[in-house]
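Listed here are the chains, written in short residue letters.
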Amino acid sequence: MSWGATFRLALSSLLRRPARSGLTVLGVAVGSALLVALGSIASVAESRAVEHFGKGLPVGAIKVADDAPASWQLQTDDFQLAGHKDLNQDAIRQIRRLPNVRAVVPIQAAPVLVVPPSGDSFGATMAGTDLGLGADSPVSVLAGRLPAAASLTEVAVTQSYLDHTHPGRPPGAAVGEAIQVAEPRVEAPGSEVPFRPRWFRAKVVGVVSQDVAGADLLVPLQQTTAAREWELSGAAAPPGLRGEGSIRSPYSALIVIADSIDTMHGVRVGIDQIGFATSAPEHVLAAVLRYLHVVDIVLVGIGAIAVLLAGLNIANALLTAVRERRREIGVLKAIGARDRDVVRWFLLEATLLGFLGGVAGTLAGLLLAQALALKVSEYLTQQGIPIEALRLQDLPYAVVLLGVGGSWLLALLAAAVPALRAAKMPASEAMAEL
Amino acid sequence: MPSMASGPAGATTEEREVISVSGLSHAYASSGRTLLVLSEVQLQVRAGSYVALTGDSGEGKSTLLALLGGLQRAQGGELVVAGQDLRRLPSQQMARFRSRTIGFVFQHHCLVESLTALENAALAALINGVSRPEAVARARALLAQVGLLERAGHLPGRLSGGERQRVAVARAMVNRPALILADEPTGNLDERNAQRVMDLIEQLRHEYGATLLVVTHDSSLASRAATTLRLKEGRLEAA
Ligand SMILES: Nc1ncnc2c1ncn2[C@@H]1O[C@H](COP(=O)(O)OP(=O)(O)OP(=O)(O)O)[C@@H](O)[C@H]1O
Ligand SMILES: [Mg+2]
């Protein structure tokens, strides 16, 4: 008996009992929809957690301070400082040579006075960094864009700037503002004034998501280099003025980006050995991922139970079908069908049920996951925690594959007993009395 | 007493015999007791003959037919049909034997309920390895012969008992079998329809030169056969 003929037989047998077939498919669909929805939510939650604890930095980012590390540095996620140590080109070169380092982004901080359009000036920190890094850039843009790579007239601002100038307003409100920035230089004792500022005018072109080295303004490295030269040309600064960004170190901080979360710890150990204090969310992330993993297991377990029930439902429907079709099976055998033709008939029927249910369920599951994620992100955004909604391209293909392939496989497994039972039916059933 | 049908069995006629049975016994085990249904049955049927088999209910007519058609395995004796030793045929080849050599018509409706009349008739040919276009062509021709061409697309559930039985006859003939085994093919039909179905079976048998063995309770149908045998207390005798 050809596959084609067997397929027609399987299909027509299913269509002959539309209600039962429909309900069986629905059962599979509900099961795989649950599995897919819960599976995708679990896996997206994981990548969102990684993003969240990275505080907007790329996955695997490590902050490096211009300080030596305390001996217990690696036991915590925060900086454990043990005295200033210059972050210079040599240190950067050594760190770049560590295995699994994807990028090293130097940061220079400078204390400045900012005059926003309102005129209420305030003391701020300006951070300069390499803005031409593209995908490896440690900053992400909330509104507008980054300053052009070498521009001396464009700045981006961070949340702390917004808190000063536009409390409670959306980030976009600051884009396009013209501001003035003053870099103070300490004058020699006995001068007419204790400080002399170097002013520059700039335009706010964008808002970035996080505080790079606690900064309010983000500018190209050229801007902070110029500021430093101005400062260094003055007298020594009185203590307490400059905060953490020491003028003596060529760079005030680095952001080192490891290949992945898994290699992050090794890179951090390497930097520790070179002799710098580091901060990375590795411990908190590990703990959160452990919790999420438990949640994963529970969610996928619930989905798996639903799919299992669907499988039992398939087995039950097919066993009923075998009982119903005793005579038909006998007749098929009487006219020459072999045992394996009968097995094929039932396996094809199960395939149709499992595949249809799996495809429908996977689609429904994806939509469900997206709808749920949309609701959650709407709620979080209302609560002032902007979080992106689930994007379809974020979804792990494994989950989709599991939804369709798993349902099909399960259907085949469920059909094994009914199919063998049907195959064992003697041909003489064709003659049995009703 | 062993009974011979269609002339004496002898070495010279053996090749022309489509059924050659000797010492055939069969028992069923039911509720701990064995029920001997056939004992030492002898039967020779020459190719092309028309034999009717009668007997009281429960005498084992259907059992004998199932053994001859390879639906069941015989327990004792010799059983050769169309040159195949059915006691020693592996089950794969038994299936092929049923497909190629035997055309079955059963009493109760025996169509696949989810397939149309045409598909039912063609299915037997498809199982036999005939290509789909050829199988469909044969099935259409036979449905035309049994007068059901315009019902070709109907499911069995929408056909009358007589029509279903005519479809079954068409299906039985689609592989041009050497031996037609019919178990009370008209048992569920009124007299007019019974006549019509028997006419068709006889006509097609004649056309294809097949041997026909028909089980019937109806003495007027039995009288249409050249030979009538009677199964009684596990043995065959001339009626
Ligand atoms: N699978 C079986 N298991 C046990 N006993 C069986 C089985 N099939 C048939 N029998 C018994 O074997 C005997 C012969 O049955 P069979 O169906 O061959 O008779 P029959 O002559 O065709 O009867 P009828 O005219 O009613 O169709 C009956 O007593 C029946 O109960
Ligand atoms: Mg019977």
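These numbers come from a predicted model, not from an experiment.

Colleague: Just to check I follow, could you spell out the site of ligand 1 for this structure?
Modeller: Residues and elements named next belong to chain B. In the vicinity of ligand 1 lie 13 residues, with Ser 57, Gly 58, Lys 61, Ser 62 and Thr 63 positioned nearest. Within the backbone of Glu 59, an N or O atom sits 3.3 Å from an oxygen atom of ligand 1. Note that an oxygen atom of ligand 1 is positioned 2.7 Å from one of the side-chain N or O atoms of Ser 62. The fraction of the free accessible surface of ligand 1 (630 Å²) that becomes covered by protein chains is 64%.

Colleague: Teacher, can you tell me more about the sheet that holds strand 5 (residues 84-85) of chain B here?
Modeller: Residues and elements named next belong to chain B. Read across the open sheet, the four strands follow the order 2-1-4-5; overall the sheet is antiparallel. The open sheet has two free edges, formed respectively by strand 2 (33-46) and strand 5, since each of these has just one partner strand. As defined by bridge partners, strand 4 (residues 76-81) adjoins strand 5 across two bridges and the pair is classed as antiparallel. Paired with Val 80 across the bridge in strand 5 is Asp 85.

Colleague: Looking at this structure, how should I read the sheet that holds strand 7 (residues 179-183) of chain B?
Modeller: Hydrogen bonds between backbone groups are what pair the strands of a sheet, and the pairing can be parallel or antiparallel. All names here are of chain B. On the basis of which strands lie adjacent, the open sheet formed by six strands has the order 6-7-8-3-9-10 and mixed pairing. Two strands in the sheet have a free side with no partner beyond their single neighbour: strand 6 (102-105) and strand 10 (235-238). For this sheet, the mean angle separating the axes of adjacent strands, direction not counted, is 20 degrees. Note that strand 3 (residues 50-55) and strand 8 (residues 211-215) share four bridges and pair parallel. Paired with Tyr 50 across the two strands is Leu 212, which belongs to strand 8. On the sheet, helix 5 (residues 161-173) packs against strand 6 and strand 7 and is oriented at approximately 170 degrees with respect to strand 6.

Colleague: Quick question: what am I supposed to make of the confidence of the model for chain B here?
Modeller: Do not read the fine detail of predicted coordinates wherever pLDDT is low. Residue and element names in this part refer to chain B. For chain B, the average pLDDT comes to 88, and 93% of its residues sit at 70 or higher. Confidence over residues 1-14 falls short of pLDDT 50; this stretch has 24 contacts with residues more than four positions distant or in other chains. Scored by ipTM, the complex comes to 0.89, with pTM at 0.73.

Colleague: Would you mind going over helix 8 (residues 326-334) of chain A with me for this structure?
Modeller: Think of an α-helix as 3.6 residues a turn; residues three or four steps apart then line up on the same face. Residues and elements named next belong to chain A. Most of helix 8 sits inside the fold, with eight of its nine residues counted as buried. Residues of helix 8 that are buried include every one of Arg 327, Glu 328, Ile 329, Gly 330, Val 331, Leu 332, Lys 333 and Ala 334, and no others. Residue Gly 336 follows helix 8 closely and has a positive phi angle near 110 degrees.

Colleague: Looking at this structure, how should I read the side chain of Glu349(A)?
Modeller: Along the chain, Glu349(A) turns up in helix 9 (residues 339-382). Glu349(A) has contacts with Ala10(A), Ser13(A), Leu14(A), Leu318(A) and Arg325(A), leaving out every residue within four places of it along the chain.

Colleague: I keep staring at the confidence of the model for chain A and nothing clicks. Help me out?
Modeller: Residues and elements named next belong to chain A. Confidence along chain A averages 85 in pLDDT terms, with 90% of residues attaining 70 or more. By mean pLDDT, the top-scoring element of chain A is strand 2 (residues 67-69) (93), and the lowest-scoring one is helix 5 (residues 221-232) (83). Taken as a whole, residues 239-246 scores under 50 in pLDDT and shows twelve contacts with residues more than four places along the chain or in a different chain.

Colleague: Explain unusual backbone geometry to me, please; I cannot follow it from the model alone.
Modeller: Residues and elements named next belong to chain B. A positive phi angle, near 50 degrees, is found at Glu 40, a position not held by glycine. With respect to the element layout, Glu 40 can be found in strand 2. A relative accessible area of 44% means that Glu 40 is categorised as partly exposed. Of note in this structure, Glu 233 is not a glycine but carries a positive phi near 50 degrees. Take Glu 233: it is sitting in the loop between strand 9 (227-232) and strand 10. Among the residues examined, Glu 233 registers a relative accessible area of 65% and is labelled exposed.

Colleague: Looking at this structure, I do not really get the packing of helix 6 (residues 261-274) of chain A against helix 7 (residues 282-324) of chain A. What am I missing?
Modeller: Residues and elements named next belong to chain A. Look at helix 6 against helix 7: their axes get within 11 Å of each other, and the N-to-C directions meet at 150 degrees. The pairing of helix 6 with helix 7 is recorded here as roughly antiparallel in orientation. Between helix 6 and helix 7 the crossing geometry is left-handed. From helix 6, Ile 261, Met 264, His 265 and Arg 268 reach across to helix 7, where they touch Glu 282, His 283 and Leu 285. Of the residues in the contact of helix 6 with helix 7, the class split is three nonpolar, two polar and two charged.

Colleague: What should I look at first to understand the packing of aromatic side chains in this one?
Modeller: The relation between two aromatic rings is expressed through the spacing of the ring centres and the mutual angle of the planes. All names here are of chain A. Counted according to the given criterion, the structure contains three aromatic pairs over all chains. Ring geometry for Phe 122 versus Tyr 161: centroids 6.1 Å apart, planes at 50 degrees, classification tilted. Separated by 39 residues along the polypeptide, Phe 122 in strand 5 (residues 122-129) and Tyr 161 in helix 4 (residues 159-165) bring together distant segments of the chain. Like Tyr 161, Phe 122 is buried. Above the ring of Trp 230, the side-chain terminus of Arg 185 is found at 4.1 Å from the ring centroid. In this structure, Arg 344 is placed above the aromatic ring of Trp 3, and the distance from its NZ or CZ to the ring centre is 4.1 Å.

About the cut-offs
- Residues numbered from 1 in each chain as written.
- Chains lettered and ligands numbered in written order.
- Predicted model: local features only at pLDDT ≥ 70, side-chain atom pairs only at ≥ 80, totals over all residues.
- Heavy atoms only, no water.
- Near = heavy atom within 4 Å.
- Polar contact = N/O pair within 3.5 Å; in protein donor to acceptor, adjacent residues only side chain to side chain.
- Areas by Shrake-Rupley, 256 points an atom, 1.4 Å probe, with all protein chains shown as cover.
- Pairing = 2+ DSSP bridges.
- Helix = DSSP H or I, 4+ residues; strand = E, 2+ residues; numbered from the N terminus.
- Axes fitted to C-alpha atoms, helices over the stretch in contact; angles between N-to-C directions.
- Contact = heavy atoms within 4.5 Å.
- pLDDT = per-residue confidence, 0-100.
- Buried < 20%, exposed > 50% of the residue type's maximum accessible area, 1.4 Å probe, protein only.
- Parallel < 35°, antiparallel > 145°, perpendicular 65-115°, else oblique.
- Left-handed = near helix turned anticlockwise from the far one by under 90°.
- Nonpolar A, V, L, I, M, F, W, Y, C, P; charged D, E, K, R; others polar.
- Phe/Tyr/Trp six-rings, centres within 6.5 Å; stacked < 30°, edge-to-face > 60°.
- Lys NZ or Arg CZ within 6 Å of the ring centre and 35° of its normal.

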